[in-house]
Amino acid sequence: MRAHPLATDAVLAFGALVAMVLGSFADPHGPHGPTFGTRTPEPFSLLLMLLGSAALVFRRRQPIAVLAVTSGLSLLELTTGEPRAPVAMCTVIALYTVAALTDRPTTWRIGLLTMAGLTGVAMLAGPLPWYAQENLGIFAWTGMAAAAGDAVRSRRAFVDAIRERAERAERTRDEEARRRVAEERLRIARDLHDVVAHHIALVNVQAGVAAHVMDKRPDQAKEALAHVRDASRSALNELRATVGLLRQSGDPEAPTEPAPGLGVLDELVDTFRHAGLPVQVIVQLDRGTGPLPAAVDLAAYRVIQEALTNVRKHAGPGARAEVSVVRVGPSVEVTVLDDGGTEPVDTEPGGGHGLLGMRERASALGGSCSTGPRFGGGYRVHAVLPWA
């Protein structure tokens, strides 16, 4: 029916024609109620019924025009038909179509005009008395047609709204899923970068130390190789944990170890000190208002880790670093400074993703991160993270 609306309307029009023709042979004023076969419609009434049915074929293409045509045919029958044939049935169907396909104000205007026009003509200009039940029947049938069409239109609008809401919710759910996947991918990439850059930089430094002192000071070379082993083991463990998380098909299990934070800052700094980078640390946090939030704690740790890694990679020999974590009002300020060393190698580190990752971590928490060279040499990393 949806694929061939014109054929559907043609079948409906044929059914209406058969019903009207059969109804025209019934006499509603029989001695014992309506009787069938006691009267015969006039040829002109049969022609009006045929024309009205033909117009109904196009009721959904031109609803207003079809209603106008069927109303005109009904008015002719009401003023000339004797006995009267049910041509008004075409108008009832056309009025229902107009109400179902238009809006409510249009239905009210056209419906009242059609009801008043047909009923008034039937009462005032028809062959029957004005109080005849056929005249009141025209008023009732046209009113019910307008009401039924408006109800169907409202129901269709309600169903369409529900369907649209469901489709929009499905699209929103898909977009939210893609957004979460992208955010999770970015988070994992950021963590991998922080872990790998830190440990590989330490391995590189300690391996260089071991190669340099292997012949003259084997004890120091042995110590450097031990640091290489520890750093590589830590890198492998963190990589194994991250890759294992990515391979899980279902929901990831709860971690068995806490995320790194400022509580293990001394251990992090010791790895750089063992690599030959003097680091001075100052931590002043007023914990009277509660513990530092886990997300802020992790972000501060990662910022310090990445900043010290950059110092070890880009600063020259003899470089020194200072780390300060201070509570300032509603924020935690993390600052990492270095003096550039005696012969700076790279005063503008920015070829990788480390600086971008630090800014993303701070922005994700509603904070900020600024980086840049210091006056007189060295580099400065300053992150402001909200306590709450």
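Further up the page is the structure itself.
To start, this report covers the structure provided alongside it. All residue numbers refer to positions counted from 1 along the written sequence of the respective chain. For a predicted model such as this one, the threshold for reporting local features is a pLDDT of at least 70, and the threshold for listing and counting side-chain atom pairs is 80 or more; totals across whole chains, interfaces and linings nevertheless cover every residue. Only hydrogens and water are removed before side-chain values are computed, so all heavy atoms of the structure are retained for them.

## A look at the overall build of the chain
Heads up, the rule is: In this description a helix means any DSSP run of H or I spanning at least four residues, a strand means any run of E spanning at least two, and both kinds are numbered starting from the N terminus. The rule is simple: take the accessible area with a 1.4 Å probe, protein chains only, and divide by the maximum for that residue type; under 20% is buried, over 50% is exposed, in between is partly exposed. Any two residues whose heavy atoms approach within 4.5 Å at even a single point are treated as in contact. Residue burial considers only the protein chains on display, and all accessible areas are found by Shrake-Rupley using a 1.4 Å probe.
For the chain, the helix and strand inventory stands at ten helices and seven strands. Split into buried and exposed, the 388 residues of the chain put 37% on the buried side. Within the chain, counting contacts between residues at least 6 apart in sequence, those at least 24 apart form 68% of the total. Approximately 22300 Å² of the chain is accessible, and the part contributed by carbon and sulfur atoms is 62%.

## With respect to the pairing of strand E4 (residues 321-328)
For the record, the criterion: Two strands pair under a simple rule: DSSP has to find at least two bridges between them.
Sheet topology places strand E3 (residues 279-284) next to E4; six bridges connect them, and they run parallel. By the bridge assignment, Gln-284 is partnered in E4 with Val-326. Examined bridge by bridge, E4 and strand E5 (residues 331-338) share eight bridges and lie antiparallel to one another. Opposite Val-325, over in E5, you have Val-334 as the bridge partner. Hairpin remark: E4 followed by E5, antiparallel, with two residues in the connecting loop; positive phi at Gly-329, about 60°.

## What about the environment of Leu-101?
Looking at where Leu-101 falls in the secondary structure, it is placed in helix H4 (residues 88-101). A C-alpha to C-alpha distance of 7.9 Å links Leu-101 and Pro-63, two positions 38 residues apart in sequence. For Leu-101, the contacting residues outside a window of four places in its chain are Arg-60, Pro-63 and Arg-156.

## What about the nonpolar core?
The condition that has to hold: Buried Ala, Val, Leu, Ile, Met, Phe, Trp, Tyr and Cys residues form a nonpolar core when they are joined through side-chain atoms within 4.5 Å.
Judged by nonpolar contacts, the single largest core of 39 residues is most densely connected at Leu-262, Val-279, Ile-304, Leu-308, Val-334 and Val-381. Counting only elements with at least two residues in this core, the list comes to helix H6 (133-213), helix H8 (265-274), helix H9 (294-314), E4, E5, helix H10 (354-364) and strand E7 (379-386). For this core, the element with the most residues is H9, which contributes nine residues. When sequence neighbours within four positions are dropped, the list of residues in contact with Val-334 reads Ala-300, Val-303, Ile-304, Ser-324, Val-325, Val-381, His-382 and Ala-383.

## Structural notes on a nonpolar patch on the surface
For the record, the criterion: Each patch is assembled from residues with relative accessible area greater than 30% and no salt bridge, linking like charges that lie within 9 Å and nonpolar side chains (Val, Leu, Ile, Met, Phe, Trp, Tyr) that lie within 5 Å. The salt bridge criterion pairs a side-chain nitrogen of Lys or Arg with a carboxyl oxygen of Asp or Glu, the two atoms within 4 Å.
A cluster of nonpolar side chains, namely Phe-44, Leu-47, Leu-50, Leu-51 and Leu-76, defines an oily patch on the protein surface of about 430 Å² accessible area. Ranked by residues supplied to the nonpolar patch, first place goes to helix H2 (residues 43-56) with four residues. Take Phe-44: it is sitting in helix H2. For Phe-44, a relative accessible area of 39% puts it in the partly exposed group.

## A word on the packing of helix H3 (residues 63-80) against helix H5 (residues 104-124)
Cut-off, in case you're wondering: Axes here refer to lines fitted to C-alpha atoms; in helices the fit is confined to the stretch in contact. Angles between the N-to-C directions go from 0 to 180 degrees. When describing relative orientation, an angle under 35 degrees is termed roughly parallel and one over 145 degrees roughly antiparallel, while 65 to 115 degrees is termed roughly perpendicular and anything else oblique. Put simply, a crossing is left-handed when the front helix is turned counterclockwise from the back one by less than a right angle, and right-handed when it is turned clockwise. Three categories are distinguished: nonpolar for Ala, Val, Leu, Ile, Met, Phe, Trp, Tyr, Cys and Pro, charged for Asp, Glu, Lys and Arg, and polar for the others, with Gly belonging to the last.
At a minimum axis separation of 9 Å, H3 and H5 run at an interaxial angle of 15°. The angle between the axes of H3 and H5 places the two elements in the roughly parallel class. Like other packed secondary-structure pairs, H3 and H5 cross with a definite hand, here right-handed. Facing Ile-64, Leu-67, Ser-71, Ser-74, Leu-75, Leu-78 and Thr-79 of H3, the residues of H5 in contact are Ile-110, Thr-114, Gly-117, Leu-118, Val-121 and Ala-122. In the contact of H3 with H5, the residues fall into eight nonpolar, five polar and no charged.

## Details of the packing of H9 against H10
The geometry of a pair of packed helices is captured by two quantities: the angle between their axes and the separation between those axes. As a packed pair, H9 and H10 sit with axes 10 Å apart at the nearest point and diverge in direction by 160°. Classed by the angle they form, the pair H9 and H10 counts as roughly antiparallel. The handedness of the crossing between H9 and H10 is left-handed. The residues of H10 that touch H9, namely those facing Arg-302, Val-303, Glu-306, Ala-307 and Asn-310, are Gly-354, Leu-355, Met-358 and Arg-361. Of the residues in the contact of H9 with H10, the class split is four nonpolar, two polar and three charged.

## Remarks on the sheet that holds E5
Sheet architecture is open: five strands sit in the order E3-E4-E5-E7-E6, paired in mixed fashion. The outermost strands of the open sheet, each flanked by one partner alone, are E3 and strand E6 (368-373). Sheet twist, expressed as the average angle between the axes of neighbouring strands with direction ignored, equals 10°. Across eight bridges, E5 lies against E7 in antiparallel orientation.

## Quick notes on helix H1 (residues 5-24)
Heads up, the rule is: One less than the number of residues in a helix, times 1.5 Å, gives the span that helix is expected to have. What the arc measures is the spread of directions leading from the helix axis to the C-beta atoms.
With 20 residues, H1 should reach 28 Å at 1.5 Å per residue; the first-to-last C-alpha distance of 28 Å fits that figure. Along H1, the residues that are buried comprise Asp-9, Ala-13, Ala-16, Leu-17, Met-20 and Ser-24. Buried residues of H1 fall within an arc of 105° about the axis and therefore sit on the same side. Set apart from the buried face of H1 by more than 90 degrees, the exposed residues are Val-11 and Phe-14. Considering only its buried residues, H1 is in contact with strand E1 (26-27), H2 and H4.

Keep in mind these numbers describe shape, not what the thing actually does.
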